[in-house]
Amino acid sequence: MRAALVLLSLGQGVPGAWALFAPRSFHDAFPLPALAWLTEFPPYNEHLVRDLGALSLGLTTVLLWAAVRPERSLVRAAAFGSLAFTIPHLVFHVAHLGRFETVDVVGQLISQVAPIAMAGLVIVLSRRSNGAGV
């Protein structure tokens, strides 16, 4: 479960730091320069990209804290917080897949569904414990 929380935090933290500290680069090259998915949703807005990065780093902090101190309520709050972001994010992407090539569609779906599945796994595993050290 700790590994799942760390993976979730990396999935939020890496793009979050990129968006916060290099918003134009993030917009023009996420997830890879050859793919540049965000350029399909113009216009670029530095404020919104930096805010997304900062919020992602906030969620990263909670996920890492839960990995380091896996108390049941904290682990569950972190996992549900992750779902509160990732489920609407998936819904948006599913509704806008028509503008992308097949390889991009597959990449987006994998990158959107994986954190949902991982957070769900954390929630299921956390139900099996009654105390600290989930």
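None of the values given here were measured: they were computed from a predicted structure.

Thoughts on the overall build of the protein chain
Phase 1: Check the secondary structure of the protein chain and you find 5 helices and 0 strands.
Phase 2: Along the protein chain, from the amino end to the carboxyl end, the secondary structure elements read α-α-α-α-α.
Phase 3: Its C-alpha atoms give the protein chain a radius of gyration of 16 Å, within 12% of the compact-globule value 14 Å for 134 residues.
Phase 4: Projecting the C-alpha coordinates of the protein chain onto the three principal axes gives extents of approximately 50 × 30 × 20 Å.
Phase 5: In the protein chain, which comprises 134 residues, the share counted as buried stands at 34%.
Phase 6: Once local pairs closer than 6 in sequence are excluded, the contacts in the protein chain between residues at least 24 apart make up 65%.

Points about the packing of helix α3 (residues 46-68) against helix α4 (residues 72-95)
Phase 1: Where α3 contacts α4, the axes come no closer than 8 Å and their chain directions differ by 155°. Looking at the two axes, α3 sits roughly antiparallel to α4. Judged by the twist between their axes, the crossing of α3 over α4 is left-handed. Across the interface between the two elements, Leu52, Leu59, Val62, Leu63, Trp65 and Ala66 from α3 touch Leu74, Val75, Ala78, Gly81, Ser82 and Phe85 from α4.
Phase 2: Within the contact of α3 with α4, the residues separate by chemical class into 10 nonpolar, 2 polar and no charged.

Observations regarding the side chain of Thr60
Phase 1: Note that Thr60 resides in helix α3.
Phase 2: Residue Thr60 is classed as buried on the basis of its relative accessible area of 9%.
Phase 3: Among the polar contacts listed, one links the side chain of Thr60 to the backbone oxygen of Ser56, at a separation of 2.8 Å.
Phase 4: Those residues within four positions of Thr60 in sequence are excluded, and the remaining contacts are Ser9, Gln12 and Gly13.

Structural notes on helix α5 (residues 102-127)
Phase 1: Here α5 contains 26 residues, and its C-alpha end-to-end distance of 38 Å stays within 8% of the 38 Å for a straight helix at 1.5 Å per residue.
Phase 2: For α5, the elements touching its buried residues are α1 (2-21) and α4.

Considering the UniProt feature "transmembrane region" (unreviewed entry) in the protein chain
Phase 1: Per the UniProt annotation, the sites labelled "transmembrane region" (unreviewed entry) are residues 48-67, 74-94 and 106-125.
Phase 2: Taken end to end, residues 74-94 is 100% helix and 0% strand, and its two terminal C-alpha atoms sit 30 Å from one another.

Here we look at the packing of aromatic side chains
Phase 1: Across all of its chains, the model carries 6 aromatic pairs by this definition.
Phase 2: Between the aromatic rings of Trp18 and Phe30, the centroid separation amounts to 5.9 Å while the plane-to-plane angle is 55°, which identifies the pairing as tilted. Pair noted here: Trp18 is in helix α1 and Phe30 is in the loop between α2 (23-29) and α3, with a separation of 12 residues, a long-range link.
Phase 3: Relative accessible area serves as the criterion here: at 24%, Trp18 is assigned to the partly exposed category.
Phase 4: Here the aromatic rings of Phe26 and Phe30 are separated by 4.9 Å at their centres, their planes lie at 35°, and the arrangement is tilted.
Phase 5: Following the ring pairs from residue to residue traces out a cluster consisting of Trp18, Phe26, Phe30 and Trp37.

Each value, and the rule that gives it
Residues numbered from 1 in each chain as written. Predicted model: local features only at pLDDT ≥ 70, side-chain atom pairs only at ≥ 80, totals over all residues. Heavy atoms only, no water. Helix = DSSP H or I, 4+ residues; strand = E, 2+ residues; numbered from the N terminus. Rg over C-alpha atoms; globule rule 2.2 N^0.38 Å. Buried < 20%, exposed > 50% of the residue type's maximum accessible area, 1.4 Å probe, protein only. Contact = heavy atoms within 4.5 Å. Axes fitted to C-alpha atoms, helices over the stretch in contact; angles between N-to-C directions. Parallel < 35°, antiparallel > 145°, perpendicular 65-115°, else oblique. Left-handed = near helix turned anticlockwise from the far one by under 90°. Nonpolar A, V, L, I, M, F, W, Y, C, P; charged D, E, K, R; others polar. Polar contact = N/O pair within 3.5 Å; in protein donor to acceptor, adjacent residues only side chain to side chain. Expected span 1.5 Å × (residues − 1). UniProt positions renumbered as here; feature names shortened; annotations may be inferred. Phe/Tyr/Trp six-rings, centres within 6.5 Å; stacked < 30°, edge-to-face > 60°.

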